[in-house]
Amino acid sequence: GIDISEWELKISNPNSEVKKIQFSTWDFAGQDVYYATHQFFLTKRAIYLFICNAAQNIDTTSIIYWLRSIEARVGKNVPILIVATHIDQIQLNFKKSSVLEAFQKEFYAKIDEIITYHKCNVNIQGLFCVSTIRGDSIKGLKQRIKEIAIDQPYMSEDVPKSYIELEKKIVQLRSAGFVNRSPTISWVEFVSTSAQCAISEEDTTAAANFLSDLGIIQYFENINKDIVILDPQWITKMFSCVITMKAAIASKGIVDLLTLEQIWTEPRYPKHLHPFLIKLMRKFEIMH
């Protein structure tokens, strides 16, 4: 599904007010079967990197899919970088620098054609051809990510310290694990947890939306305002178990409720959450 990790970049510019940037990196699985689940985690507070393997045929269909998904879910202004990896394999296979140059030229032309022909109204901030083995263009890619991050309008926002304290508390809860239960809490419980961080009940919704934008929690107020998901990975695993088993459990594309109950079992997926999960699947067009 998704691998989540932390990444810190230090800012060496003495004139910059920002001294370091702490990224939460989300590595989405590239298999087609997971595509539908990833849309839950698209947010405006992000820099998107589309990664493709230069040593294989570049799948333009998936590039179009992702560009359109980002445009549809979070708008046309979020920054996107497109990165071709394994450039060392290109030269290893052909042993000519001219072949690498020809690939780069073809790669850039292909991306330009996709954007123009398919009318993808997106904000591509750079194209990179890299090698993690030799380090080709890795430094330049990091520098570009740093420049884009500093330039984002939300970087200058003042975030209440209480929001940061709430984030730490949620991370602690998640680290402790959710034994014999789902990683969800009621809105009443979330308000109580927020109060421990000096967040008023009136400000709790804003705090929930902020942390949801960061991917710390998932809060779908328009679907069910009484449920807060403390572990975003839980959603991916929940939907993946349905999507990966669809051939075995679905007859002519139809899954009955009894079958879902057999997949979403206690205590990880309590029965009282099933209507909420079904609404989520319908909202994001995984189920109709």
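Here the structure is a predicted model, which means the values were calculated and not measured.

1. A closer look at the confidence of the model for the chain
The predicted structure's coordinates, where accompanied by low pLDDT, should not be read in detail. On average, residues of the chain carry a pLDDT of 84, and 88% of them reach 70 or more. Looking over the chain, one finds the lowest element-wise mean pLDDT in helix 10 (residues 246-249), namely 58, and the highest in helix 7 (residues 187-195), namely 96.

2. With respect to the environment of Q233
Here Q233 shows up in helix 9 (residues 233-243). Along the backbone, Q233 and Q218 are 15 residues apart, and their C-alpha atoms lie at a distance of 9.7 Å.

3. Describing the environment of D3
In this structure, D3 sits in strand 1 (residues 2-10). For the pair D3 and Q233, spaced 230 residues apart in sequence, the C-alpha to C-alpha distance is 8.6 Å. Each residue touching D3, except ones within four places of it in the same chain, is listed here: T25, W26, D27 and Q233.

4. Observations regarding the packing of aromatic side chains
Within this structure, the stated rule accounts for ten aromatic pairs. Ring geometry for Y163 against F210: centres 5.7 Å apart, planes inclined by 45°, an arrangement best described as tilted. In this pair, Y163 sits in helix 6 (residues 161-176) while F210 sits in helix 8 (residues 201-214), placing the two residues 47 residues apart along the sequence. Each member of the pair, Y163 as well as F210, is classed as buried. In textbook terms, an aromatic cluster arises when at least three aromatic residues are bridged by ring pairs, as seen for W26, F28, F41, Y65 and W66.

5. Some points on the packing of helix 6 against helix 7
Between helix 6 and helix 7, the least distance of the axes is 9 Å, while the angle of their chain directions is 120°. Judged by the inter-axis angle, helix 6 sits oblique to helix 7. Classified by chirality, the crossing of helix 7 by helix 6 is right-handed. Facing L166, K169 and I170 of helix 6, the residues of helix 7 in contact are F190, T193 and S194.

6. A closer look at the sheet that holds strand 4 (residues 79-85)
Read across the open sheet, the three strands follow the order 3-4-5; overall the sheet is parallel. Where the open sheet ends on each side, the last strands, each with one partner, are strand 3 (48-53) and strand 5 (123-129). On average, adjacent strands in this sheet sit at an angle of 20° to one another, irrespective of strand direction. Judged from the six bridges that link them, strand 4 and strand 5 form a sheet pairing that is parallel.

Criteria and thresholds
- Residues numbered from 1 in each chain as written.
- Predicted model: local features only at pLDDT ≥ 70, side-chain atom pairs only at ≥ 80, totals over all residues.
- Heavy atoms only, no water.
- pLDDT = per-residue confidence, 0-100.
- Helix = DSSP H or I, 4+ residues; strand = E, 2+ residues; numbered from the N terminus.
- Contact = heavy atoms within 4.5 Å.
- Phe/Tyr/Trp six-rings, centres within 6.5 Å; stacked < 30°, edge-to-face > 60°.
- Buried < 20%, exposed > 50% of the residue type's maximum accessible area, 1.4 Å probe, protein only.
- Axes fitted to C-alpha atoms, helices over the stretch in contact; angles between N-to-C directions.
- Parallel < 35°, antiparallel > 145°, perpendicular 65-115°, else oblique.
- Left-handed = near helix turned anticlockwise from the far one by under 90°.
- Pairing = 2+ DSSP bridges.

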